[in-house]
Amino acid sequence: MGEQMEDEILSRILKAAGDTTRRQILTLLVQEGPLRVTGLAAHFDMSLNSVSKHIKVLEEAGLVTRRTLGREHFIAAELDPLKHTERWFGQLKSIWELRLSALDQLLASEEKDHEPTRTDQGPRTDQGPRTDREPHDRRSA
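Presented here is an overview of the structure given in this document. None of the values given here were measured: they were computed from a predicted structure.

What counts and how
- Residues numbered from 1 in each chain as written.
- Predicted model: local features only at pLDDT ≥ 70, side-chain atom pairs only at ≥ 80, totals over all residues.
- Heavy atoms only, no water.
- Helix = DSSP H or I, 4+ residues; strand = E, 2+ residues; numbered from the N terminus.
- Contact = heavy atoms within 4.5 Å.
- Areas by Shrake-Rupley, 256 points an atom, 1.4 Å probe, with all protein chains shown as cover.
- Patch = residues over 30% accessible without salt bridge, like charges linked within 9 Å, V, L, I, M, F, W, Y side chains within 5 Å.
- Salt bridge = Lys/Arg side-chain N within 4 Å of Asp/Glu carboxyl O.
- Buried < 20%, exposed > 50% of the residue type's maximum accessible area, 1.4 Å probe, protein only.
- Pairing = 2+ DSSP bridges.
- Axes fitted to C-alpha atoms, helices over the stretch in contact; angles between N-to-C directions.
- Expected span 1.5 Å × (residues − 1).
- Arc of directions from axis to C-beta.

Turning our attention to the overall build of the protein. Secondary structure summary: the protein contains 5 helices and 3 strands in total. The secondary structure elements of the protein, listed N-terminal to C-terminal, are α-α-β-α-α-β-β-α. Put simply, 50% of the contacts in the protein that link residues at least 6 apart link residues at least 24 apart. Just so you have it, the protein exposes about 11,400 Å², and 51% of that area is on carbon and sulfur atoms.

Listed below in structure tokens is the structure:
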């Protein structure tokens, strides 16, 4: 499958799943199995026509299938297309994990470079400790 086609499928799936009502429809179908359109509509405070429009978007994304028996339309969840979102999110996760790993290596390298060695006793000065008898500004002495 071409990259453009994959991108179009992914876009349709994400658009369809981006709506709360459509996610609720999918959840009901997964929990209860195939339902009649009228049975689905009974779960929502909206017209049968509005529920049908949501179902149509889910059908276009391939997330539900419709089976007609006489005058009854049964809607079933079809989760196979979710492999497209799983693949895309998996790629994002892999990229993110690679970046985190590189950051961990960089931080470990930085820490190692800045660790004091045993022979490093801190900065050296040619002046000894200042006493209260010495003036703070030698020009005023």
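Right, let's get into a nonpolar patch on the surface. Among the surface-exposed residues, W96, L100, L103, L106 and L107 lie close enough to one another that they form a single nonpolar patch of about 490 Å² accessible area. Note that L100 resides in helix 5 (residues 82-113). According to the relative accessible area criterion, L100 is partly exposed, its value standing at 38%.

Strands sit in the order 1-3-2 across an open sheet of 3 strands; the sheet is antiparallel. Strands with a single pairing partner mark the edges of an open sheet, and in this sheet they are strand 1 (35-36) and strand 2 (64-69). Of the strand pairs in this sheet, strand 2 and strand 3 (residues 72-77) are connected by 6 bridges, and their pairing is antiparallel. Residue pairing for strand 3: R67 is matched across the bridge by F74. The sheet strands contacting helix 2 (residues 20-32) are strand 1, strand 2 and strand 3, and the helix crosses strand 3 at an angle near 90°. Against the sheet, helix 4 (residues 48-60) engages strand 2 and strand 3, with an angle of about 115° to strand 2.

Let's shift gears to helix 4. Under the 1.5 Å per step criterion, the end-to-end length of helix 4 is 18 Å for 13 residues, consistent within 8% with the ideal 18 Å. By the burial criterion, the buried members of helix 4 are V51, H54, I55 and L58. The buried residues of helix 4 occupy an angular sector of 100° when projected down its axis, which confines them to one face. Where helix 4 is buried, its residues touch helix 1 (3-17), helix 2, helix 3 (37-41), strand 2 and strand 3. Just beyond helix 4, the residue with positive phi is G62, at close to 80°.

Turning next to the environment of G33. As for its placement among the helices and strands, G33 is situated in the loop between helix 2 and strand 1. In the structure, G33 is positioned 41 residues away from F74 in sequence and 9.8 Å away in space, judged by C-alpha atoms. Other than its neighbours up to four places away in sequence, G33 contacts L28 and I75.

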